[in-house]
Structures are given as C-alpha cells and as structure tokens.
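Chain and residue survey
Read off the chains here:
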Amino acid sequence: MTPNSRQTPLQASPDNVEKPVHQDKPASDRVTLLLVDEASETQRVDNYLAKVLKGVPKSHVYRILRSGEVRVNKKRVTAEYRLQLGDEVRVPPIRMAEAAPKPGLPAVRPKLAEMVIYEDDAMLALNKPAGMAVHGGSGISLGVIEQLRLERPQAKFLELVHRLDRETSGVLMIAKKRSALTALHEAMRQHKMDKRYVMMVQGQWQEAKKKVILDLQKYVTESGERRVHVVEQPLLNNAPGGRKSLKSAGVIATQQAAKGRFEVETQVSETWFYLQEALGQFSLLQAKLITGRTHQLRVQLSHLGFPILGDDKYGDFTLNKQLSKQRLKRMYLHSSETRIAHPLTGEPLHLVAPLPAELDTFLQHQRQLNAK
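Residues numbered from 1 in each chain as written. Predicted model: local features only at pLDDT ≥ 70, side-chain atom pairs only at ≥ 80, totals over all residues. Heavy atoms only, no water.

Brief notes about the overall build of the protein chain
Per the secondary structure count, the protein chain includes eight helices and 17 strands. Burial statistics for the protein chain: of 372 residues in total, 45% are counted as buried. For the protein chain, restricting intrachain contacts to residue pairs at least 6 apart in sequence, the fraction spanning at least 24 positions comes to 62%. (Helix = DSSP H or I, 4+ residues; strand = E, 2+ residues; numbered from the N terminus. Buried < 20%, exposed > 50% of the residue type's maximum accessible area, 1.4 Å probe, protein only. Contact = heavy atoms within 4.5 Å.)

Now the structure itself:
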C-alpha cells in the first residue's frame, strides 16, 4: 500500500474470512469472482454491476465501488472503468431481491430465421417486415429483439444497433457482441455508415439530386402519441421560454405545441434525395441518411409537400384510403441497403434487403398505368 492510498475498512462478514470463488452470478453470503465474457466486454463497470446485482440500488453500487469492495483483477477501479474480456470482477456479498419465478413460456415458433440476410460471430442483419416493431412496448408484447432472444436462448448477447419504425421494412442490424455494438455505434456517430432507403411519394419530384436540411423537434400529442415536426425558428435563450444549448445537435427549446406540451431537443436533420423514377402523380425516390432522427424521412418529405404513400402519421389520409383499394396497405418506405465496415475486422459490408413483394407489385402496377 502506498502512503497516499487509503483502504476503507470493511465490516466483519464472510467477505473477510472466506476465500472468493468463481461463480456465474453474485452470492449473498460470500465474495464471488465474476469473469467478464463477450456479452459484457467494453461495458462500464458500474453498468455491469447494476446488471448483475438485480434489485440493488445504484447508490449502493457506487458505494461499494468507492469503498474498494469491488475489485477488477485485484485492483480498485472507478465507475467509468470499461471491462475487458477475461477481467475478473470481485463482488462482495450483497443481498439481492429474489426474482419471481417466471411462468412457463409456450413453445417459440421461429419467425426470424428466414429474414436473416447476413450473420457472423459479431453481428447479424435482418430484412425486417413492415408491421413488426423492433422492440416491445405499449400494446406490443414481442418486438424483433424479444422474439430473437426467445428463438436463440443460448445467445449471450443480442442488442439492437439501431431502430426502424414499425411500418418500415428493410435492413435491421443486431449486435451479437458488446464490442461490435460499441464499434457500430461509433461508426454511426462518425457518419461512416451509408444507409439507403427507397420510398414512393405523392407528387412530381423534379430534382435529380437534392440535399434537405431541416430542424426537427419531437412532441407528444394530447392523446399521448409521439410526433415530430419541422421547426422554422427554434427558440433561443432570448425568446420567452427558450434557453440556449451549445450542443452540436441544435438548441434546447421549451414550448407549447399546438397539440400538446413538449420540452425536447431541436435536432438538425440532413438527407440526400435522388429521383429514381417518375410515375405520373407519384415519384420513386432513394434517400441517403446523413443524420438518423426520429421519423426523419417521413417528416422531411411531408414538409416539402411530398408525403410518403401510406404514411398514417404524416401522409395524405384521403389518398391512403384510395391506395389501400389498389393493394397498398402499408407505408411505401423500405431500408434497402447499408454499407458499413465490419465492426471487428474492418472489412466492407454491403447489406441488401430486397424490395418486399407488396411494394414491388404496387411499383409494377404504377409502371403499367404510366405506360398506357
């Protein structure tokens, strides 16, 4: 012990008299040693402890970290320390809330196996169908990630890399290792991912290539639904109710929306749009995302006067009813391809999700109508 280091005295407990043993999970009556596997690699130690110490208040987690009762490879660490594969985490005896017994689950019918378009040890990519949420939530018992975990109970780690709207189909990436998840998120933050969408919109799009930059702001309607709208002049600190932020994403604004209160960040959204095909009263576009804001493409196009066909939030509702009689019963928005470096090897990946049959059928029908 160095002159400047201090050891916090521990109370008498089995921690002081019993030799630590390796276990898969912490024990309440003795010190345990947990080995970090791929599922926890690169995770902060405080978040790791919060995960393995179910029911233990976070304040207690930070106390045992500060006191030195938690050690990694026999050394004190701060809460910010990121775990490495094979690290040995010493956890003192802590009483945890007993987990309620889980009810027996029915046999899981595989739904996602045929949707896999790429998979290796680090990640997988699915061609997500429209109508399936990426995760469970209000009124949704199972999303893609929950279903995948049920279908693959042996998998130690499965996490969404990004999200797609429920009614959007196409490429969805899922990490199978925490190191892959971290690398993919970093690539997305640095705009090193080329993500393309295909959509059909109402109206005659003229420009072959167009860059769109708009400020978007989230709000919640009186009925509790999440919405996004374009902000022409975001509130600054010199406006009533406004306050300024130096974040690169934009300004923080507090405002009374027309359909409900909100206090959210105004974020810059940026997209390149390319005209793929003119189809009379409709246009087939491709979009390259520069930013990835909530409902970005839907809100941008609606604001420009080119709503996506079938969009039930920002589209032309009268037209959508007419299109449903022409067999377009969903939103015409598809995440068609993604180019990104492999998160672990750095090799270029080109993930392609073919256009769903219902969208291709509608496209062929429009081509026939315009050929007459």
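Considerations on the pattern of salt bridges
A complete count under the given rule lists 14 salt bridges for this structure. Two residues, Glu 186 and Arg 189, come together in a salt bridge whose shortest N-O distance is 2.8 Å. Highlighted residues: Glu 186 and Arg 189, both in helix H5 (residues 178-189), separated by three residues, approximately one helical turn. Its relative accessible area of 55% is what places Arg 189 among the exposed residues. Here Asp 312 makes a salt bridge to Arg 298, at a shortest N to O gap of 3.6 Å. One end of the pair, Asp 312, is in the loop between helix H6 (296-303) and helix H7 (317-324); the other, Arg 298, is in helix H6, and 14 residues separate them in sequence. A relative accessible area of 4% places Arg 298 in the buried class. In this structure, a network of salt bridges that share partners links the residues Asp 165, Arg 298, Asp 311 and Asp 312. (Salt bridge = Lys/Arg side-chain N within 4 Å of Asp/Glu carboxyl O.)

A word on the packing of helix H2 (residues 45-52) against helix H3 (residues 58-67)
In contact at an axis separation of 10 Å, H2 and H3 are set at 125 degrees when each is read in the N-to-C sense. In terms of axis orientation, H2 runs oblique to H3. The way H2 lies across H3 gives a crossing that is right-handed. For the pair H2 and H3, contact is made by Val 45, Asp 46, Asn 47, Leu 49 and Ala 50 and by Lys 58, Val 61, Tyr 62 and Leu 65, respectively. (Axes fitted to C-alpha atoms, helices over the stretch in contact; angles between N-to-C directions. Parallel < 35°, antiparallel > 145°, perpendicular 65-115°, else oblique. Left-handed = near helix turned anticlockwise from the far one by under 90°.)

What about H6?
Taken across its eight residues, H6 has six buried, putting it largely inside the fold. Within H6, the full set of buried residues consists of Gln 296, Leu 297, Arg 298, Val 299, Gln 300 and Leu 301. Gly 305 sits one or two residues past H6 and shows a positive phi near 90 degrees.

Focus on H3
Those residues of H3 not exposed but buried are Val 61, Ile 64, Leu 65 and Ser 67. Gly 68, located one to two residues past H3, shows a positive phi value of around 90 degrees.

Focus on the nonpolar core
Where a protein is soluble and globular, its nonpolar side chains tend to be buried together. Ile 174, Tyr 197, Met 199, Phe 273, Leu 297 and Leu 301 are the most contacted members of the largest nonpolar core, which has 35 residues in total. Secondary-structure elements contributing two or more residues to this core are strand E6 (123-128), helix H4 (144-151), strand E8 (169-175), strand E9 (194-202), strand E10 (209-220), strand E11 (226-230), strand E15 (282-289) and H6. Setting aside residues no more than four positions away along its own chain, Leu 297 makes contact with Tyr 197, Met 199, Thr 271, Phe 273, Ala 287, Leu 289, Ile 308 and Leu 333. In terms of nonpolar packing, the next biggest core, distinct from the first, is built from 19 residues, Val 52, Val 61, Val 72 and Leu 83 among them. (Core = buried A, V, L, I, M, F, W, Y, C linked by side-chain atoms within 4.5 Å.)

With respect to the pairing of strand E17 (residues 348-352)
In E17, alternate side chains face the same way, and those of Leu 349 and Leu 351 are buried while those of Pro 348, His 350 and Val 352 on the opposite face are not. In this sheet, E17 lies alongside strand E16 (residues 333-341) in antiparallel orientation, the contact comprising five bridges. The partner of Thr 338 across the bridge, within E17, is Leu 351. Joining the antiparallel neighbours E16 and E17 is a turn of six residues, in which Gly 346 adopts a positive phi near 80 degrees. (Pairing = 2+ DSSP bridges.)

These figures capture arrangement, not role.
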